[in-house]
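Residue strings, one per chain:
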Amino acid sequence: MSETVYGIHAIEALLARAPERIIEVFIAKGREDKRLTAVVCELEQLGLPVKVTNRQWLDEKTRNGVHQGILALVKQSRGYQENDIPLLMQQSKQPVILILDGVTDPHNLGACIRTADASGVDLIIVPKDRSAPLNSTAQKVACGAAESVPVVRVTNLARTMRMLQDEFQVWIVGTAGEADKTLYQTDFYKTSSIPLALVMGAEGEGMRRLTKEHCDELVSIPMAGIVSSLNVSVATGICLFEIVRQKNK
């Protein structure tokens, strides 16, 4: 099976990390762009087919997404499952995991992946149900980060969290508006050597009950204004970079 990837960042990431996935590439006729030209040159050097098409065709294929004049037909990504977690955990001395519970918008998923990459997250875990697909929209918003941060889909999120705690001694911190401690009152690295997981729930609904019960600690983001919640990707960025600050302190 194949899927589409569009946008210059996303195609550059494919070329850097998985050029073997690219089947063929389509570019907009008449588009003159230095970055696009550089990408096309690299594709041609690798012997990958590049076809010229009109902007209307690209608009239709991307559902009017911001394609920047380029779209690639690629082999479907491998995809990660629960049994891949042990190997992924071994690739870092002190893994940081992002768990997303109920993030169903591909734009939000892509933004979370992009933030996860920027903050040094080692893997992302999402449930197979009630989660956005890692489609072309999510990959475009992720700006290439979807090729560098493994996204693991699991059947039972609560069971996976137990496994992380029991087998890898992961300290799991969940975010909840009703939590007594704020993000800035929490020591994420009580024991500096333990792996850490951050759980983010859907905007408004938050984490599901079972997910919340499997957290070792709950924290909230202090809110000074009239709004009661933040977009999940914004909240994820705030939390992850506080973790980065504490980790590097």
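Described below are features of the structure shown in this document.

### A look at the pattern of salt bridges
Where charged atoms of side chains with opposite charge meet at close range, the side chains can pair.
(1) Moving on: Counted under the stated rule, the structure contains 12 salt bridges.
(2) Moving on: One salt bridge in this structure joins Asp33 and Arg31, with 3.4 Å as the shortest N-O distance.
(3) Moving on: Arg209 is the partner of Glu213 in a salt bridge, and the nearest nitrogen-oxygen pair spans 3.0 Å. With Glu213 and Arg209 both in helix α8 (residues 209–213) and four residues apart, the pair spans about one turn of that helix.
(4) Moving on: One connected set of salt bridges, linked through shared partners, spans Glu3, Arg21 and Glu147.

### Thoughts on unusual backbone geometry
(1) Moving on: One non-glycine residue, Gln68, lies in the positive phi region at around 60 degrees.
(2) Moving on: Looking at the secondary structure, you find Gln68 in the loop between α3 (55–61) and β4 (70–75).
(3) Moving on: Positive phi values are uncommon outside glycine, yet Gln169 reaches one of about 55 degrees.
(4) Moving on: Along the chain, the position of Gln169 falls in the loop between α7 (157–168) and β9 (171–175).

### Brief notes about the sheet that holds strand β11 (residues 196–201)
(1) Moving on: Taken in spatial order, the eight strands line up as β5-β8-β7-β6-β11-β9-β12-β10 in an open sheet, and their pairing is parallel. At either margin of the open sheet sits one strand with a lone partner, and together these are β5 (80–81) and β10 (181–182).
(2) Moving on: Inspection of the sheet shows strand β7 (residues 123–127) paired to strand β8 (residues 151–154) by four bridges, in the parallel sense. Pairing of Ile125 across the sheet is with Val152, part of β8.
(3) Moving on: Relative to strand β6 (residues 96–101), helix α5 (residues 106–119) is tilted by about 170 degrees, and along the sheet it contacts β6, β7 and β8.
(4) Moving on: Of the strands in this sheet, β6, β9 and β11 are in contact with helix α9 (residues 232–247), which crosses β11 at around 160 degrees.

### Observations regarding a nonpolar patch on the surface
(1) Moving on: A contiguous nonpolar surface patch, about 340 Å² in accessible area, is contributed by Met223, Ile226 and Val227.
(2) Moving on: With respect to the element layout, Ile226 can be found in the loop between β12 (217–220) and α9.
(3) Moving on: Residue Ile226 is classed as exposed on the basis of its relative accessible area, which comes to 88%.

### A word on the packing of α5 against α9
(1) Moving on: Between α5 and α9, the shortest axis-to-axis distance is 9 Å and the interhelical angle comes to 10 degrees. Between α5 and α9, the crossing angle belongs to the class labelled roughly parallel. The handedness of the crossing between α5 and α9 is right-handed. Note on element contacts: α9 touches α5 through Val232, Ser233, Thr236, Gly237, Leu240, Phe241 and Val244, opposite Asn108, Ala111, Cys112, Thr115, Ala116, Ala118 and Ser119.
(2) Moving on: A per-class count over the contact of α5 with α9 returns eight nonpolar, six polar and no charged.

### Some details on the packing of aromatic side chains
(1) Moving on: One pass over the structure, following the stated rule, counts one aromatic pair.
(2) Moving on: Taking the centre distance of 4.7 Å and the plane angle of 45 degrees together, the rings of Phe26 and Trp57 count as tilted. Of this pair, Phe26 sits in strand β2 (residues 22–28) while Trp57 sits in helix α3, placing them 31 residues apart in sequence.
(3) Moving on: Trp57 sits in the partly exposed class, given a relative accessible area of 26%.

### Here we look at the sheet that holds β4
(1) Moving on: Strand order in this open sheet of four strands is β1-β4-β2-β3, and the pairing throughout is mixed. Each edge of the open sheet carries a strand with a single partner, namely β1 (2–6) and β3 (50–53). This sheet shows a mean twist of 25 degrees between the axes of neighbouring strands, independent of strand direction.
(2) Moving on: Relative to β4, β2 is paired through five bridges, and the arrangement is antiparallel. The partner of Val25 across the bridge, within β4, is Ala72.
(3) Moving on: Contacts from helix α1 (residues 8–17) reach β1, β2 and β4, with the element oriented near 120 degrees to β1.

Criteria and thresholds
Residues numbered from 1 in each chain as written. Predicted model: local features only at pLDDT ≥ 70, side-chain atom pairs only at ≥ 80, totals over all residues. Heavy atoms only, no water. Salt bridge = Lys/Arg side-chain N within 4 Å of Asp/Glu carboxyl O. Helix = DSSP H or I, 4+ residues; strand = E, 2+ residues; numbered from the N terminus. Pairing = 2+ DSSP bridges. Contact = heavy atoms within 4.5 Å. Axes fitted to C-alpha atoms, helices over the stretch in contact; angles between N-to-C directions. Patch = residues over 30% accessible without salt bridge, like charges linked within 9 Å, V, L, I, M, F, W, Y side chains within 5 Å. Areas by Shrake-Rupley, 256 points an atom, 1.4 Å probe, with all protein chains shown as cover. Buried < 20%, exposed > 50% of the residue type's maximum accessible area, 1.4 Å probe, protein only. Parallel < 35°, antiparallel > 145°, perpendicular 65-115°, else oblique. Left-handed = near helix turned anticlockwise from the far one by under 90°. Nonpolar A, V, L, I, M, F, W, Y, C, P; charged D, E, K, R; others polar. Phe/Tyr/Trp six-rings, centres within 6.5 Å; stacked < 30°, edge-to-face > 60°.

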